[in-house]
Amino acid sequence: MKKTLLSAFLVIVFYAPVYSSVTTADGFITLDYYEDTQSGIENRWVLDFKVNELSGTQYTSVLFDMRFLNTAMDFDNIYNQNNDFYTFGHEDHFTYEYPVISSHGVKLIPTYAGTNYLFYSLPEQQKELIIGNFSIDIYYIDALGNTNSELLRLSGPVGFTPVPEPVSMALFVFGIIVCYSKAK
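Treat the numbers as computed from the prediction; the structure is a model and nothing was measured.

Caption draft 1: Layout of the pattern of salt bridges. Overall, the coordinates contain 5 salt bridges when judged by the stated rule. Here Asp32 makes a salt bridge to Lys50, at a shortest N to O gap of 3.1 Å. Of the two residues, Asp32 sits in strand E2 (residues 29-35) while Lys50 sits in strand E3 (residues 45-51), which places them 18 residues apart along the sequence. Classification of Lys50 as partly exposed rests on a relative accessible area of 28%. Across the pair Arg67 and Asp137 runs a salt bridge, and its minimum N-O distance is 3.1 Å. Within this pair, whereas Arg67 is found in strand E4 (residues 61-68), its partner Asp137 is found in strand E10 (residues 133-142), the two being separated by 70 residues in sequence. Judged by its relative accessible area of 24%, Asp137 is partly exposed.

Below, the structure written as structure tokens:
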């Protein structure tokens, strides 16, 4: 029985979803980064960008620029579309091109507190992994004109096996229960 439980624990640990979350020091912006396991699209990752409502403050809206210090990822893809609130692109920095998401586009329409955006990242090269820990250089201006800049750190996959679908996990747990009942 101990071996079965240990095996189940190890499999769950190794197949747990890769998930990273970070919030700016003032609590105004939260970024969650995780693998998209529900769409069936291989190696697509989701950046969940939230502008938090902070009670008792004057933060009501924000303009933002995010430079991703990971040259393997690409936000300028078919799953993301430029609009009046943000644009996708790349910023040249010496010999590197860093992916950028910016609201400093043509119209400069602010994003209000309580807004949530989902941005999809793919690898720059088709079979390349979005590797390792990476930093995001975020620069934002709140509704009062206060300028904030922060270097945030998120985690990406480093040779992780893909996260199994929920059905696969349920079948795996069912198999453990069947094996355990037969062992008795």
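Caption draft 2: Representation of the pairing of strand E6 (residues 87-93) in the model. When E6 meets strand E7 (residues 96-102), the two strands line up antiparallel, connected through 7 bridges. Each bridged residue has a counterpart across the sheet, and for Phe88 the counterpart in E7 is Ile101. In textbook terms, the turn of a hairpin is the stretch between consecutive antiparallel strands, and for E6 and E7 this stretch comprises 2 residues, one of which, Phe94, has a positive phi near 55°.

Caption draft 3: Structural context of the packing of aromatic side chains. With the rule as written, the count across this model stands at 12 aromatic pairs. Aromatic side chains Phe49 and Phe119 sit 6.2 Å apart centroid to centroid with 55° between the ring planes, which places their arrangement in the tilted category. Of this pair, Phe49 sits in strand E3 while Phe119 sits in strand E9 (residues 116-123), placing them 70 residues apart in sequence. For Phe49, a relative accessible area of 0% corresponds to the buried category.

Caption draft 4: Layout of the nonpolar core. Counting 27 residues, the largest nonpolar core has Leu31, Leu47, Phe49, Met66, Phe68, Ile101 and Phe119 as its most contacted members. When contributions to this core are tallied by element, the ones reaching two or more residues are E2, E3, E4, E9, E10 and strand E11 (147-155). Ignoring sequence-local partners within four residues, the contact set of Leu47 consists of Leu31, Asp32, Tyr33, Met66, Phe68, Phe75, Ile101, Tyr117, Leu118, Phe119 and Leu154.

Reading the values: rules and limits
- Note on numbering: residues in each chain are counted from 1, in written sequence order.
- Local features in this predicted model are restricted to residues whose pLDDT is 70 or higher, and side-chain atom pairs enter the listing and the counts only when it is 80 or higher, whereas totals over whole chains, interfaces and linings include all residues.
- Side-chain figures throughout are based on the complete set of non-hydrogen atoms in the structure, without hydrogens or water.
- Here, a salt bridge means any side-chain nitrogen of Lys or Arg that lies within 4 Å of a carboxyl oxygen of Asp or Glu.
- Runs of E in the DSSP output that reach at least two residues are strands. Runs of H or I that reach at least four are helices, and both are numbered from the N terminus.
- Only protein chains enter the accessibility calculation, which uses a 1.4 Å probe. A residue is then buried if its area is under 20% of the maximum for its type, exposed if over 50%, and partly exposed in between.
- Note on pairing: two strands pair once DSSP finds at least 2 bridges between them.
- Two aromatic rings from Phe, Tyr or Trp, using only the six-membered ring of Trp, form a pair when their centres are within 6.5 Å; if the ring planes differ by under 30 degrees the pair is stacked, by over 60 it is edge-to-face, and anything between is tilted.
- Grouping buried Ala, Val, Leu, Ile, Met, Phe, Trp, Tyr and Cys residues that are joined through side-chain atoms within 4.5 Å yields what is termed a nonpolar core.
- What makes two residues a contact is simply this: any of their non-hydrogen atoms within 4.5 Å.

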